[in-house]
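A closer look at the structure
Below are the chains, spelled out letter by letter.
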Amino acid sequence: MAENRIILHIDMNAFFASVEQQSNPALQGKPVAVIGAAKRTIITTCSYEARAFGVRTGMNSWEARQKCPELIFVVGNNKKYSYTSKQIIGIMREYTPLVEVFSIDEAFLDVTGCLSLFGSPEGIAGMIKERIRERFGLTCSVGIAPNKLLAKLASDMQKPDGLTVIPPERVAQVMERLPIQQLCGIGAKTQQQLAAFGIRTCGELGRFPVEILKKKFGVTGERLHYMGLGVDDAPVVPEEEAEEVKSVGHSTTLDADLCQRSEILAVLLQLSEMVGRRARKYRVTGKTVTLTVRYPDFTTFSRQLSRSVPTNNSDEIYRDAVQILDQLELAQAVRLLGVRITNLSHQAEQLPLFESERKKALVASAMDHVNNRFGDFSVTFGTLLGKECGAKVISPAWRPEGVRNVDAD
Amino acid sequence: MEFRISKEIFMKALQRIQGIVEKRNTMPILSNALLEVQNDQLFITATDLEVGMKSSYPTTVIREGKITVSAKKLYEIVKEMPDEEILFTTKDNDWVEITCGKARFNIVGLSSEEFPYFPKVKEESFLVFKNEILADMIEKTSYAICYDETKYNLNGIFIKAFDENGTNVLKMVATDGHRLSVAQKEINGNITAELSKGVIFPRKGIFELKKMVEEEDGEIMLGFMDNSAVIKKGNTVVVMRLIDGEFPDYTKVIPVANDRIVQINRDKFLHSLKRMSILSSEKFKGVKIDVNPDLVIISSSNPELGEAREEIEISYEGNGISARFNAKYLIDVLSVMEQREVELKLKDELSPVIMKAADGEEFLAVIMPMRL
């Protein structure tokens, strides 16, 4: 690992809400919350005006309305967000090829090697900020630091429209009094466990005997120790080098809890088609099919079955999902359903020898062609006619390209 | 029950049934072998309810009777015994004692009453085949058997006999839905009703049959009863339940309008494919075949490694044609052909290709290409 790296973390401010405010001037300067299209959705992002009232991501619309009666709800338009995000990532890539897309509104850039071309890191950050503002009217917060951990921390320190630098010589000073929960990767549970050792700040974490941490947390213990010291040598991994995707799946929270088999089947067919279509697009097939069910009390469980031959055929995925469903005894109505294929293998497409099978394969690819041009579910199964289809909230695993590029709708 | 038997015979007898006994342990009795002694003979039976095998061996019977014991454990025990005579004795509550030299094992068995019924075989309507005919035909088709359990009607070899211009012909067909192999040979004797209609032998049964016919030259007897095929050779009887399903009409799969005929040397083609497939990873399993007049170019490319390409002279007159194939499918076919010259019959890049010997009608394979 190269010494003295310079990493930028760019975090778009209230991304979905800002995009909406830019595309509709009537929303500018007003409290706006972006929600999913499903009936029982949550707030995915809200504008800074809404945050001033105490509205937060993850609240349901009722809670949010309590906090801010004049809150304007906007149903998210994922296509708009993923389009904008791709353009912004394109701007970043003009400065360095080492861009790691962390989520739809966050990215890490390793600019160590391009300073001779573009000047100082602050200069690069300023240029990127300016271009994003000029082109989209959006602001972002940038953190500049020697590694990803600290860069993310730095971008968080000033919002919105911030630019924060943690130079190597100031790392120890910054970490000394920093509460551990502000580090990316330390959640409520780890925080509690560390508190039991009397560790509340990163300074305390860095000084704590690493052997005790190792005994308690295993390999993570050592990593925690380094996190406390502000040391992180994880590289910035551009998409094409990222680890291979291990599953293709979709899930959806239903508009209303379902207990009718026929209604559940319709949702499974829709999810299977989404999974099959994405798998076919990236030429992967799965040997294991998994069905996930969530009850209204949030009990969630998954059951899977192994196939003798891998598939990416929507119909076969659906049949397997139904087979799993039929082996379950549902104790309650169903709140969420998910279908996933795993145990993936990549393969170019072998055509079937028998004509009836070949027709099925050719029909699927003809459907995919039409749907690629005219949008998901333009051509679909008869049983899905008249139903609203598609993922309603974009997944945190979204990436601008590759299998994870869920077609937003 | 009590008997003495030579270690050598007992070990071989137990080895033969290892492939038959149920390994998934869904019904414990099916992991066991049934041992019966009467009239100075030991009968060993194993079955998984789909394929069953019963063989008889000479033994010295002290006390007649029967018992079942774990086929795998008994084989492991006998295999490691010294090369002396083995004494096998049943005790109360289905316990079994096995002694050989100074070694003694006491293992627990299960009552023979729970063991599935093995049908009595009548020998009237058996057909007789030369071992090497069946061995050859199974070798030329079995690699194409389908392993997808949901396509149960393809999980075996379809066997059919018919009269072709006054001579009786036996045909075997296997397919996994991507490729198909057909082997045929002239046979002697009459055609039974079952064979003239066509039957599907299960994959597991085919592999048992393959072992039997490959053991030695000679003859094997084949008959049918109660939806099962019965195979008899020497002291062994195998009964396998035929697959209860319709084999697809394979004749429709064999193209009739493939008029672009390429003749190519088998060895050169096979070795080239083996070389080219080194660079085809899981993601890009295919090799590309570009057929030009008098020349075929075989190539593969792999974005993670690089690319490879090879030319072979062929005899072909006609327009150029390109297609991509799973290299393994081509290699499987070439590996079972003896002839020096192979004929490829093509139509276009998305139609199945026929592969056969340039001079011979006893074997033919059809392979579906991959999408370009």
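Keep in mind it's a predicted model, so treat the numbers as computed, not measured.

**Describing the overall build of chain B**
The secondary structure content of chain B amounts to 7 helices and 25 strands. By the burial criterion, 55% of the 372 residues in chain B qualify as buried. If you take every contact in chain B between residues at least 6 apart in sequence, the share linking residues at least 24 apart comes to 65%. As presented, chain B carries roughly 17,800 Å² of accessible surface, and 47% of it is formed by carbon and sulfur atoms.

**Quick word on the overall build of chain A**
Looking only at helices and strands, one finds 15 helices and 12 strands in chain A. Each of the 409 residues in chain A was classed as buried or not, and the buried ones make up 49%. When the accessible area of chain A is evaluated, it comes to approximately 19,700 Å², of which 52% is carbon and sulfur surface.

**Remarks on the sheet that holds strand β5 (residues 99-103) of chain A**
Residues and elements named next belong to chain A. Strand order across the open sheet formed by 5 strands is β5-β6-β1-β7-β8, with mixed pairing between neighbours. Single-partner strands in this sheet number two, and they are β5 and β8 (163-165). Within the sheet, the average angular offset between the axes of one strand and its neighbour, ignoring direction, is 15 degrees. In terms of strand pairing, strand β1 (residues 7-12) meets strand β7 (residues 140-145) through 6 bridges, oriented antiparallel. Residue pairing in the sheet places I7 in a bridge with A145 of β7.

**Some details on the packing of helix α13 (residues 261-281) of chain A against helix α15 (residues 355-374) of chain A**
Residues and elements named next belong to chain A. For the pair α13 and α15, interaxial distance at closest approach is 11 Å and the crossing angle is 90 degrees. When the axis of α13 is compared with that of α15, the two are roughly perpendicular. Across the interface between the two elements, E273, R277 and R280 of α13 pack against A364, M367, D368, N371 and N372 of α15. For the contact of α13 with α15, the residue count by class is 2 nonpolar, 2 polar and 4 charged.

**Quick look at the packing of aromatic side chains**
Centre-to-centre distance and the angle between the planes together describe a pair of aromatic rings. Residues and elements named next belong to chain A. Applying the stated criterion across every chain, the model contains 13 aromatic pairs over all chains. An angle of 50 degrees between the planes, with centres 5.8 Å apart, marks the rings of F15 and F16 as tilted. For F16, a relative accessible area of 8% translates into the label buried. Geometrically, the ring pair formed by F102 and F108 is edge-to-face, given 5.4 Å between the ring centres and 80 degrees between the ring planes.

**Points about the environment of K233 of chain B**
All names here are of chain B. Among the structural elements, K233 can be located in strand β16 (residues 228-233). Residues K233 and M221, 12 residues apart in the sequence, show an inter-C-alpha distance of 6.4 Å. Ignoring sequence-local partners within four residues, the contact set of K233 consists of N131, M212, E215, E216, E219 and I220. There is a polar contact of 2.8 Å between the side chain of K233 and the backbone oxygen of M212. Within the local environment of K233, its side chain forms a polar contact with the side chain of E216, the two groups lying 3.4 Å apart.

**Here's the deal with the interface of chain B and chain A**
Every contact between the two is made by 26 residues of chain B and, on the other side, 18 residues of chain A. The contact between chain B and chain A buries some 1,900 Å² in all, and 58% of this surface belongs to carbon and sulfur atoms. On the surface where chain B and chain A come into contact, there are 1 salt bridge. The interface formed by chain B and chain A includes 7 residue pairs in polar contact (both at pLDDT 80 or more). Sorting the residues of the side of chain B that touches chain A by element identifies β13 (179-187) and β22 (321-326) of chain B as the ones contributing at least two each. Of the residues that constitute the side of chain B that touches chain A, the class distribution is 12 nonpolar, 5 polar and 9 charged.

**Some thoughts on the pattern of salt bridges**
Residues and elements named next belong to chain B. Following the criterion strictly, the structure yields 47 salt bridges over all chains and no others. K12 serves as the salt-bridge partner of E8, at 3.9 Å between the closest nitrogen and oxygen. Placement of the pair is E8 and K12 together in helix α1 (residues 7-16), with a separation of 4 residues, close to one helical turn. When salt bridges with common partners are traced through the structure, they connect D136, K140, K185, E338 and E362 into a single cluster.

**Re the nonpolar core**
Residues and elements named next belong to chain B. In this structure, F10, L35 and F201 are the most contacted members of the largest nonpolar core, which totals 100 residues. For this core, the leading source of residues is helix α7 (residues 327-335), giving 6 residues. Sequence-distant contacts of F10, defined by excluding residues within four places in its chain, comprise F3, I5, L35, L42, I44, L74, V78, I86 and F88.

**Examining the side chain of K171 of chain B**
Residue and element names in this part refer to chain B. Looking at the element boundaries, K171 is found in strand β12 (residues 167-175). Despite its burial, K171 pairs with no opposite charge; the closest candidate is E164, at 5.5 Å N-O. Separated by 3.2 Å, the side chains of K171 and Q184 make a polar contact. Beyond its immediate sequence surroundings of up to four residues, K171 is in contact with M137, F158, I159, K160, F162, V182, A183, Q184 and Y250.

**Focus on the sheet that holds strand β2 (residues 32-35) of chain A**
All names here are of chain A. Within the open sheet, the 3 strands sit side by side as β3-β2-β4. Their pairing is mixed. In this open sheet, the two strands that pair with only one neighbour each are β3 (43-46) and β4 (72-75). Sheet twist, expressed as the mean angle between neighbouring strand axes with direction ignored, is 30 degrees. Judged from the 4 bridges that link them, β2 and β4 form a sheet pairing that is parallel. The residue of β4 that forms the bridge with V34 is V74.

**Points about the packing of helix α3 (residues 131-141) of chain B against helix α5 (residues 203-215) of chain B**
Residue and element names in this part refer to chain B. As a packed pair, α3 and α5 sit with axes 9 Å apart at the nearest point and diverge in direction by 135 degrees. By the angle between their axes, α3 is oblique relative to α5. Considering how the two elements wind past one another, α3 and α5 form a crossing that is left-handed. Packed against α3, whose contacting residues are N131, L134, A135, I138 and E139, the element α5 presents I206, L209, K210, M212, V213 and E214 at the interface.

**A word on the pairing of β12 of chain B**
Side-chain positions along a regular strand alternate between the two faces of the sheet. Residues and elements named next belong to chain B. For β12, the tally of buried residues reaches 8 of 9 residues, placing the bulk of the element in the interior. Sheet analysis places strand β11 (residues 156-164) next to β12, joined by 7 bridges and oriented antiparallel. Pairing of K160 across the sheet is with K171, part of β12. Where β11 folds back onto β12 in an antiparallel hairpin, the turn is made up of 2 residues, including N165, whose phi is positive at roughly 50 degrees.

Parameters at a glance
- Residues numbered from 1 in each chain as written.
- Chains lettered and ligands numbered in written order.
- Predicted model: local features only at pLDDT ≥ 70, side-chain atom pairs only at ≥ 80, totals over all residues.
- Heavy atoms only, no water.
- Helix = DSSP H or I, 4+ residues; strand = E, 2+ residues; numbered from the N terminus.
- Buried < 20%, exposed > 50% of the residue type's maximum accessible area, 1.4 Å probe, protein only.
- Contact = heavy atoms within 4.5 Å.
- Areas by Shrake-Rupley, 256 points an atom, 1.4 Å probe, with all protein chains shown as cover.
- Pairing = 2+ DSSP bridges.
- Axes fitted to C-alpha atoms, helices over the stretch in contact; angles between N-to-C directions.
- Parallel < 35°, antiparallel > 145°, perpendicular 65-115°, else oblique.
- Nonpolar A, V, L, I, M, F, W, Y, C, P; charged D, E, K, R; others polar.
- Phe/Tyr/Trp six-rings, centres within 6.5 Å; stacked < 30°, edge-to-face > 60°.
- Polar contact = N/O pair within 3.5 Å; in protein donor to acceptor, adjacent residues only side chain to side chain.
- Buried area = accessible area lost by both parts, 1.4 Å probe.
- Salt bridge = Lys/Arg side-chain N within 4 Å of Asp/Glu carboxyl O.
- Core = buried A, V, L, I, M, F, W, Y, C linked by side-chain atoms within 4.5 Å.
- Lys, Arg positive; Asp, Glu negative; His and termini not counted.
- Left-handed = near helix turned anticlockwise from the far one by under 90°.

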